[in-house]
Amino acid sequence: MNARERFSLTVHFGKPDRVPNEEFGYWSETVERWQREGLPVMDVESYFHLDPRREWYLLTWPLCDCLNATDVNYFNSPIYLGPIPSFESRILTEDEATRVVSDEWGRMKRIRKRMGTIPQYLEFPVKTVKDFGEFKKRLSPTDSGRFPKNWRTRVKVYKTRDYPLGINLLGFFGFPRILMGTQNLSIAYHKDPELVTAIVEYWCDFQIEICKSILDDVEVDFVQIWEDMAYNKGPIISPKLFCKFELPCYKKLIRVLQEYGVDVFMVDSDGNINDLIPFFLETGVNGFYPLEVRASMDPLEIRRKNSKVILCGGIDKFALVKGPQAIEKELNSKLPVLVPQGGYIPSLDHRVPLDVSLSNYRYYVELKTALITELAES
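Residues numbered from 1 in each chain as written. Predicted model: local features only at pLDDT ≥ 70, side-chain atom pairs only at ≥ 80, totals over all residues. Heavy atoms only, no water.

1. Describing the overall build of the protein chain
Secondary structure assignment for the protein chain yields 14 helices and 12 strands. Since a compact globule built from 378 residues should have a radius of gyration of about 21 Å, the 21 Å found for the protein chain is in line with a globular shape. Oriented by its inertia axes, the alpha-carbon framework of the protein chain measures out at about 60 × 55 × 45 Å. In the protein chain, once contacts between residues fewer than 6 apart in sequence are set aside, the share between residues at least 24 apart is 67%. Carbon and sulfur atoms make up 51% of the accessible area of the protein chain, which amounts to about 17200 Å² in all. With 49 positive and 53 negative side-chain charges, the protein chain shows a separation of 2 Å between the mean positions of the two kinds. (Helix = DSSP H or I, 4+ residues; strand = E, 2+ residues; numbered from the N terminus. Rg over C-alpha atoms; globule rule 2.2 N^0.38 Å. Contact = heavy atoms within 4.5 Å. Areas by Shrake-Rupley, 256 points an atom, 1.4 Å probe, with all protein chains shown as cover. Lys, Arg positive; Asp, Glu negative; His and termini not counted. Charge placed at Lys NZ, Arg CZ, Asp CG, Glu CD.)

Have a look at this one:
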């Protein structure tokens, strides 16, 4: 069974030869630590014989410039959703520990030089309806630069692929937050709802047009939507505001994608989105990840309430800090319950933190792989 067949059977609650054995990813500082502890300088997933994760098989990637991509490689998403022309990316100032930079979305941010973490955002490009009117001139869905010149060649390759292929989109909280920042967006929901409505409605139509162009040529296996709309205690946006500003756009977008035969829609959000899950399900979203355990995203409880929801992640990354006994407890409490039910891809609930030793990660991978194999044979 190839990776595409395995993924499809898993997310459709079928019976694959085994579930995908993939991970969410790694902080660069963690990999550097492991190399000091003996990890060869090579791809981590290849070293541990893990399956390549979905991130390697995305047709779109909004937060990096992929306009000049010419061949089919991992993490080489060929279709660009960002501003064209993009804003100039450059270093504005720097000191020993940080840099202040401008990025391709017109944001100014301070980043740490030696730690992969969320930047401190200092300035955003959109504050008013007029600002967005100017910004959206860079967001034409028909701009010829969005698709690579070798798109027709890629289409031929995709039609014979043996791996799952997906579309990565920006959600209707995530996108205005990129343009405005969390604080400004939170205020605008109440004081300038016309601005928020203009942004999300335009972005919905923009992404629909991009998706139509893709789906006219390629059959995809999933759509994932980035939001990051919550912290450890709950969502940043209330259910009431979600239903007012986001829910109609999600329904419109998913209805179009369903007409093309897409039936797997997974929302990517850190933090605790439990209060929003019923409303997401109403829109047609049917999957969630990475299910951060310390944010009370318990995959067992979510599945108990929603028997046919697709779940990815939900393994507490901090159990790997504690060592083998904690790892065993975490894996044995979840995989034997969730894997046989279907619709579950077991992985850590975010990128592997720096505190995890190479030996602990190896123990985790070996035990998870053994459990996946054992459950497939039972």
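2. Here's the deal with the packing of helix 8 (residues 193–215) against helix 9 (residues 239–259)
Here helix 8 crosses helix 9 at 10°, and the two axes come no closer than 10 Å. Of the possible angle classes, the one that applies to helix 8 and helix 9 is roughly parallel. The two elements helix 8 and helix 9 cross, and the hand of that crossing is right-handed. Counting all contacts with helix 8, which are made through Pro193, Val196, Thr197, Val200, Glu201, Cys204, Asp205, Ile208, Cys211, Lys212 and Leu215, the residues of helix 9 involved are Lys244, Phe245, Cys249, Lys252, Leu253, Val256 and Leu257. Class assignment of the residues belonging to the contact of helix 8 with helix 9 gives a composition of 12 nonpolar, one polar and five charged. (Axes fitted to C-alpha atoms, helices over the stretch in contact; angles between N-to-C directions. Parallel < 35°, antiparallel > 145°, perpendicular 65-115°, else oblique. Left-handed = near helix turned anticlockwise from the far one by under 90°. Nonpolar A, V, L, I, M, F, W, Y, C, P; charged D, E, K, R; others polar.)

3. Some words on the environment of Ser213
For Ser213, the location among the structural elements is in helix 8. The spatial distance from the C-alpha of Ser213 to the C-alpha of Thr142 is 9.2 Å, given a sequence separation of 71 residues.

4. Let's talk about the side chain of Glu227
With respect to the helices and strands, the residue Glu227 is situated in the loop between strand 6 (222–226) and strand 7 (230–231). No salt bridge is formed by the buried Glu227; its nearest oppositely charged neighbour, Arg177, is found at 7.6 Å. Residues in contact with Glu227, not counting those within four places in the same chain, are Gly171, Phe172, Phe173, Gly174, Glu246, Tyr250, Val267, Asp268 and Ser269. (Buried < 20%, exposed > 50% of the residue type's maximum accessible area, 1.4 Å probe, protein only. Salt bridge = Lys/Arg side-chain N within 4 Å of Asp/Glu carboxyl O.)

5. Section: the pairing of strand 1 (residues 90–94)
Summarising the sheet, strand 1 and strand 2 (residues 98–102) pair through four bridges and their orientation is antiparallel. Across the sheet, the residue bridging to Glu94 is Arg99, located in strand 2. In textbook terms, the turn of a hairpin is the stretch between consecutive antiparallel strands, and for strand 1 and strand 2 this stretch comprises three residues. (Pairing = 2+ DSSP bridges.)

6. A few points about the confidence of the model for the protein chain
Taken residue by residue, the protein chain gives an average pLDDT of 93. The fraction at 70 or more is 96%. Low pLDDT, under 50, characterises residues 64–75; the stretch is placed with 27 contacts to residues that sit more than four places away or in other chains. (pLDDT = per-residue confidence, 0-100.)

7. A few points about the packing of aromatic side chains
For the coordinates displayed, the defined rule picks out 24 aromatic pairs. With a centroid separation of 5.1 Å and 80° between ring planes, the pair formed by Phe48 and Tyr361 is classed as edge-to-face. Taken as a pair, Phe48 in the loop between helix 3 (44–47) and strand 1 and Tyr361 in helix 14 (residues 358–377) lie far apart in primary sequence, 313 residues in all. Per residue, the accessibility class of Phe48 equals that of Tyr361, and both read buried. Taking 4.4 Å as the distance between ring centres and 20° as the angle between the ring planes, the aromatic pair formed by Tyr57 and Tyr163 counts as stacked. (Phe/Tyr/Trp six-rings, centres within 6.5 Å; stacked < 30°, edge-to-face > 60°.)

8. What about the sheet that holds strand 10 (residues 287–289)?
Spatial strand order, 5-6-9-10-11-12: six strands in an open sheet with parallel pairing. Only two strands of the sheet have a single neighbouring strand rather than two, namely strand 5 (166–170) and strand 12 (344–348). The sheet shows a mean angle of 25° between the axes of neighbouring strands, direction not considered. Bridge count between strand 9 (residues 265–268) and strand 10: three bridges; the pairing is parallel. Residue pairing across strands places Met266 opposite Gly287, the latter belonging to strand 10. With respect to the sheet, helix 14 is in contact with strand 11 (310–315) and strand 12, its orientation differing from that of strand 12 by roughly 170°.

9. Notes on the nonpolar core
Counting 99 residues, the largest nonpolar core has Leu179 and Tyr361 as its most contacted members. Here this core gets 12 residues from one element, more than from any other, and that element is helix 8. For Leu179, the contacting residues outside a window of four places in its chain are Trp105, Phe124, Pro125, Val126, Phe132, Phe135 and Ile199. Counting residues in each nonpolar core, the second largest holds 13 residues, with Phe13, Phe24, Leu58 and Val264 among its members. (Core = buried A, V, L, I, M, F, W, Y, C linked by side-chain atoms within 4.5 Å.)

10. Re the layout of surface pockets
Taken as a whole, the second largest pocket holds about 240 Å³ of empty space. In terms of lining, the second largest pocket is formed by 16 residues, of which the most central are Lys15, Pro16, Val339, Pro340 and Leu375. Among the elements that make up the lining of the second largest pocket, the one with the highest residue count is helix 14 (three residues). Its residues assigned to classes, the lining of the second largest pocket shows eight nonpolar, six polar and two charged. (1 Å grid on protein atoms, 1.4 Å probe; cavity = no way out; pocket = protein on both sides within 12 Å on 5 of 7 lines; lining within 4 Å. Points joined across faces, edges and corners; volume = space filled by probe spheres on them.)

11. A few points about unusual backbone geometry
For residues other than glycine, phi is negative in most cases, and the peptide bonds are mostly trans. Residue Pro85 is reached from Ile84 by a cis peptide bond, and omega for that bond is -5°. As for its placement among the helices and strands, Pro85 is situated in the loop between helix 3 and strand 1. Look at the link from Tyr289 to Pro290: it is a cis peptide, with omega at 5°. Mapped onto the elements, Pro290 comes out in the loop between strand 10 and helix 11 (299–305).

12. Brief notes about the sheet that holds strand 4 (residues 120–123)
On the basis of which strands lie adjacent, the open sheet formed by four strands has the order 1-2-3-4 and antiparallel pairing. Unpaired on one side and paired on the other, strand 1 and strand 4 mark the two borders of the sheet. Across the sheet, the mean angle separating the axes of adjacent strands is 30° when strand polarity is ignored. One ladder, built from five bridges, connects strand 2 with strand 3 (residues 108–112); its direction is antiparallel. Each bridged residue has a counterpart across the sheet, and for Thr98 the counterpart in strand 3 is Arg112.

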